[in-house]
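A closer look at the structure
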Amino acid sequence: MNETKERRYSKWKQHGITVAGGNQQGDNLKQLFYPWSICVDNKQTVYVADQFNHRIVAWKTDATQGQILIGQYGQGSMDEQLNYPRKMIIDEKNDSFVICDNGNCRIVSWSRKRQHNGIIGEIIMTNIDGWGLAMDKEGYFYVSDLRKHEIRRWKIGEKKETVVAGGNGQGDRLDQFRGPYHIFVDEEQSIYVSDNGNHRVMKWTKGAKEGIVVAGGHGQGNDLTQLSYPQGIVVDELGSIYIADCHNHRIVRWLKEATEGSVVVGGDIRGELSNHLNFPHDLCFDQENNLYAVDSANHRVQKFSHF
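Reading guide: rules and limits
- Residues numbered from 1 in each chain as written.
- Predicted model: local features only at pLDDT ≥ 70, side-chain atom pairs only at ≥ 80, totals over all residues.
- Heavy atoms only, no water.
- Core = buried A, V, L, I, M, F, W, Y, C linked by side-chain atoms within 4.5 Å.
- Buried < 20%, exposed > 50% of the residue type's maximum accessible area, 1.4 Å probe, protein only.
- Helix = DSSP H or I, 4+ residues; strand = E, 2+ residues; numbered from the N terminus.
- Pairing = 2+ DSSP bridges.
- Axes fitted to C-alpha atoms, helices over the stretch in contact; angles between N-to-C directions.
- Salt bridge = Lys/Arg side-chain N within 4 Å of Asp/Glu carboxyl O.

What about the nonpolar core?
What tends to happen in soluble globular proteins is that the nonpolar side chains get buried as a cluster. By size, the foremost hydrophobic cluster in this structure holds 14 residues, and its most contacted members are Tyr 47, Ile 56, Ile 70, Met 88, Phe 97 and Ile 99. Among the secondary structure elements, those contributing two or more residues to this core are β3 (46–50), β4 (55–59), β5 (67–70), β6 (85–91), β7 (96–101) and β8 (106–111).

Listed below in structure tokens is the structure:
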């Protein structure tokens, strides 16, 4: 059974282990301050967009503190600064981080080798209220513009940007969003969007003029047919959708074409114990199927082991 099929039937331990932060809010290297998004590499190093500290930090396995990679000089718009970084992804081909530098209304790319050769960030898109970011197998980037309620696609080095989802104003029609936050793009270049204010996840197939609701869409609530301000999303090869159901303080899984989800972790109550989440903003998996959740209001990243 391959990794993706195995995940469909997987369960995760309900008590998580804190792998970054967890020492209350703050700006020292042991702390995070409302983290927004994460990436995990094949060595289980956790990279965090430490939103209110305006920096990107790395936490190695079993580390007791993080290392600042970007943003050493605090909040700002200069070359070495970030301003409320939101979504961050790793561009494996170019060995770089690509970041929604939201407060500066720009998307920036930073070489992961910058510590060794002095490379600074490159601005690759401006004038955008970017919150979500994804990349497909052909090297195209997708970014959600919260102000325009649309998803745009572009490739580094190309000047033309294309609206590929939304762009029809704010609303709840199938061709609209009300706050598109996180994005996931699958192998067929279908775009999954956490339509935050509509409490649903939408799927837009390549070239579509409107999307379909694949999770939620029954108003705000905590029933298994509902979501409450969904955030981060991951979709596996079988079409199962994993969602940071933010205001329900849980991670949920919706199987392909399911009419309701199931709770993976969290969700009983909002709290700070190891089996609690407090406004989770993002999630990801490592190569061993362990689940990582950005437990934003607890200022930590939690790892839930797969079994």
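And the narrative resumes.
Notes on the sheet that holds β3
Overall, antiparallel pairing links the four strands, which are arranged β2-β3-β4-β5 in an open sheet. Two strands in the sheet have a free side with no partner beyond their single neighbour: β2 (37–40) and β5. Between one strand axis and the next, the sheet turns through 30 degrees on average, direction left out of account. Of the strand pairs in this sheet, β4 and β5 are connected by three bridges, and their pairing is antiparallel. By the bridge assignment for β5, Ile 56 is matched with Ile 70.

Quick word on the pattern of salt bridges
All told, the structure shown has 12 salt bridges when counted by the stated rule. A salt bridge links Arg 55 to Asp 50; its shortest N-O distance comes to 2.8 Å. Residue Arg 55 is classed as buried on the basis of its relative accessible area of 5%. Since its relative accessible area comes to 0%, Asp 50 is described here as buried. Measuring nitrogen to oxygen at the nearest pair gives 2.9 Å for the salt bridge that ties Arg 152 to Glu 161. Residue class for Glu 161 comes out partly exposed when judged on its relative accessible area of 35%. Salt bridges sharing common partners tie together Asp 145, Glu 150, Arg 152 and Glu 161.

Comments concerning the sheet that holds strand β23 (residues 291–295)
Ordered in space as β1-β24-β23-β22, the four strands form an open sheet in which the pairing is antiparallel. Both outer strands of the open sheet, β1 (17–21) and β22 (280–285), are each paired with one neighbouring strand and no more. For this sheet, the mean angle separating the axes of adjacent strands, direction not counted, is 25 degrees.

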